[in-house]
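What the coordinates show
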Amino acid sequence: MILSNIFLGMIGAPQIILIVVVVLLLFGGKKIPELMRGLGSGIKEFKDASKEEDTASNKKE
């Protein structure tokens with residue numbers, strides 16, 4: 001618990017800017033939209049699967 005507070009206090013605007021610059025250098029500007037699209041579709045599939053699981057467990061009861 002204390003460790004999480006220490007790490008959250010260390011991340012600021014300069015660190016976020018540095019992370020964004022490194023990501024841009026590694027993947028390039030054209031590749032990032034494709035990565036975000038894939039991430040979004042993965043999250044959507046996960047949510048759909050969890051909803052299906054909830055409805056299936058409700059029908060069993």
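Residues numbered from 1 in each chain as written. Predicted model: local features only at pLDDT ≥ 70, side-chain atom pairs only at ≥ 80, totals over all residues. Heavy atoms only, no water.

**Remarks on the overall build of the protein chain**
When its secondary structure is counted, the protein chain shows 3 helices and 0 strands. Seen in sequence order, the protein chain has helices and strands lined up from the N terminus as α-α-α. The buried share of the protein chain, reckoned over its 61 residues, is 0%. Accessible area for the protein chain stands at about 5,800 Å²; split by element, carbon and sulfur atoms hold 69% of it. (Helix = DSSP H or I, 4+ residues; strand = E, 2+ residues; numbered from the N terminus. Buried < 20%, exposed > 50% of the residue type's maximum accessible area, 1.4 Å probe, protein only. Areas by Shrake-Rupley, 256 points an atom, 1.4 Å probe, with all protein chains shown as cover.)

**Looking at the confidence of the model for the protein chain**
Looking at the protein chain as a whole, the pLDDT averages 81, with 77% of positions reaching at least 70. Mean pLDDT values over the elements of the protein chain span from 63, in helix 1 (residues 2-10), up to 88, in helix 2 (residues 13-27). (pLDDT = per-residue confidence, 0-100.)

**Some points on a nonpolar patch on the surface**
Taken together, Leu18, Ile19, Val22, Val23, Leu26, Phe27, Leu35, Met36, Leu39 and Ile43 make up a surface patch of nonpolar side chains, about 930 Å² in accessible area. Among the elements of the structure, helix 2 and helix 3 (31-60) are those that each provide at least two residues to the nonpolar patch. Structurally, the position occupied by Phe27 is in helix 2. (Patch = residues over 30% accessible without salt bridge, like charges linked within 9 Å, V, L, I, M, F, W, Y side chains within 5 Å. Salt bridge = Lys/Arg side-chain N within 4 Å of Asp/Glu carboxyl O.)

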